[in-house]
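# Results of the structural survey
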Amino acid sequence: MIRTFLLFTALVTTQLCLAHPLRLSLCEIEWDEKKNKITVNLRLFLTDVNEALVFDPNSKELAFCQPNEAKNAETLLLNYLDRFFYIKSNNKRQKLKIQRKKLAGEGEDTALWLYFELDQPTSLKSLEIKNAVFTDLFFDQNNIVYVHVRGKSKSLMLSKKTPVHHLKY
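Residues numbered from 1 in each chain as written. Predicted model: local features only at pLDDT ≥ 70, side-chain atom pairs only at ≥ 80, totals over all residues. Heavy atoms only, no water.

With respect to topology, four strands assemble into an open sheet ordered β4-β3-β7-β10, the strand pairing being antiparallel. Edge positions in the sheet fall to β4 (92–93) and β10 (164–168), since each of these pairs with one other strand and no more. Across five bridges, strand β3 (residues 85–89) lies against strand β7 (residues 126–131) in antiparallel orientation. Each bridged residue has a counterpart across the sheet, and for Phe-85 the counterpart in β7 is Asn-131. Helix α3 (residues 73–84) rests against β3, β4 and β7 of the sheet, and its axis sits at about 60° to β3. (Pairing = 2+ DSSP bridges. Helix = DSSP H or I, 4+ residues; strand = E, 2+ residues; numbered from the N terminus. Contact = heavy atoms within 4.5 Å. Axes fitted to C-alpha atoms, helices over the stretch in contact; angles between N-to-C directions.)

Here is the structure:
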């Protein structure tokens with residue numbers, strides 16, 4: 001009887017976990033002092049991007065990184081990011097322009113990788129990072145941010161409750 005109960009509990013727990021996807025984005029920020037650049041790599045699940053932009057997680061309408069990519073796909077994405085994601089260096093908000101993008105993974109695990117380069121001609125004294133992507137859609141969205149400056153790394157977990165973090169150097 002106990003064995004049957006444990007097996008049933010394990011099956012129910014597994015089904016609940018599978019029915020509820022992990023709500024996560026990943027961002028890596030690095031300041032290259034020699035090149036006077038801040039690089040930003042942002043990884044977003046494609047189903048979440050589609051949900052945010054066209055309200056259909058399985059949509060093929062925007063076709064990011066495909067030969068038939070919609071002409072307005074990048075503009076829609078940048079407009080969305082402008083509301084929910086920014087980086088301020090030395091108290092100045094940086095303009096985001098996608099340098100390149102790629103898809104990685106398969107099916108529900110397909111991720112859209114976005115690469116940005118931001119000019120930072122003066123010594124970096126502070127960073128303000130807002131990463132609230134998809135918190136408008138999912139109450140349990142978490143956004144992990146790794147920041148690398150002068151050989152030191154910092155890990156941040158940003159969410160709906162804490163969308164912004166300030167770092168001083």
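This part is about helix α2 (residues 46–54). Extensive coverage of α2 is indicated by the burial of eight of its nine residues. If you check which residues of α2 are buried, you get Leu-46, Thr-47, Asp-48, Val-49, Asn-50, Ala-52, Leu-53 and Val-54. Buried residues in α2 make contact with β2 (37–45), α3, β5 (98–104) and β6 (111–119). In the segment just after α2, Phe-55 is the residue with positive phi, at about 65°. (Buried < 20%, exposed > 50% of the residue type's maximum accessible area, 1.4 Å probe, protein only.)

A few words now on the environment of Asp-56. As for its position among the elements, Asp-56 is in the loop between α2 and α3. Relative accessible area serves as the criterion here: at 34%, Asp-56 is assigned to the partly exposed category. Not counting chain neighbours up to four residues away, the residues in contact with Asp-56 comprise Asn-50 and Glu-51.

According to the stated counting rule, one finds six salt bridges in the structure shown. Across the salt bridge formed by Asp-119 and Lys-37, the nearest N and O atoms sit 2.6 Å from each other. Taken together, the positions of Asp-119 in strand β6 and Lys-37 in strand β2 put the pair 82 residues apart, joining distant regions of the chain. Classification of Asp-119 as partly exposed rests on a relative accessible area of 49%. Between Glu-74 and Lys-101 there is a salt bridge, and its shortest N-O distance comes to 2.5 Å. One end of the pair, Glu-74, is in helix α3; the other, Lys-101, is in strand β5, with 27 residues separating them in the sequence. A relative accessible area of 21% places Lys-101 in the partly exposed class. Put simply, Glu-69, Glu-74 and Lys-101 are held in one network by salt bridges that share partners. (Salt bridge = Lys/Arg side-chain N within 4 Å of Asp/Glu carboxyl O.)

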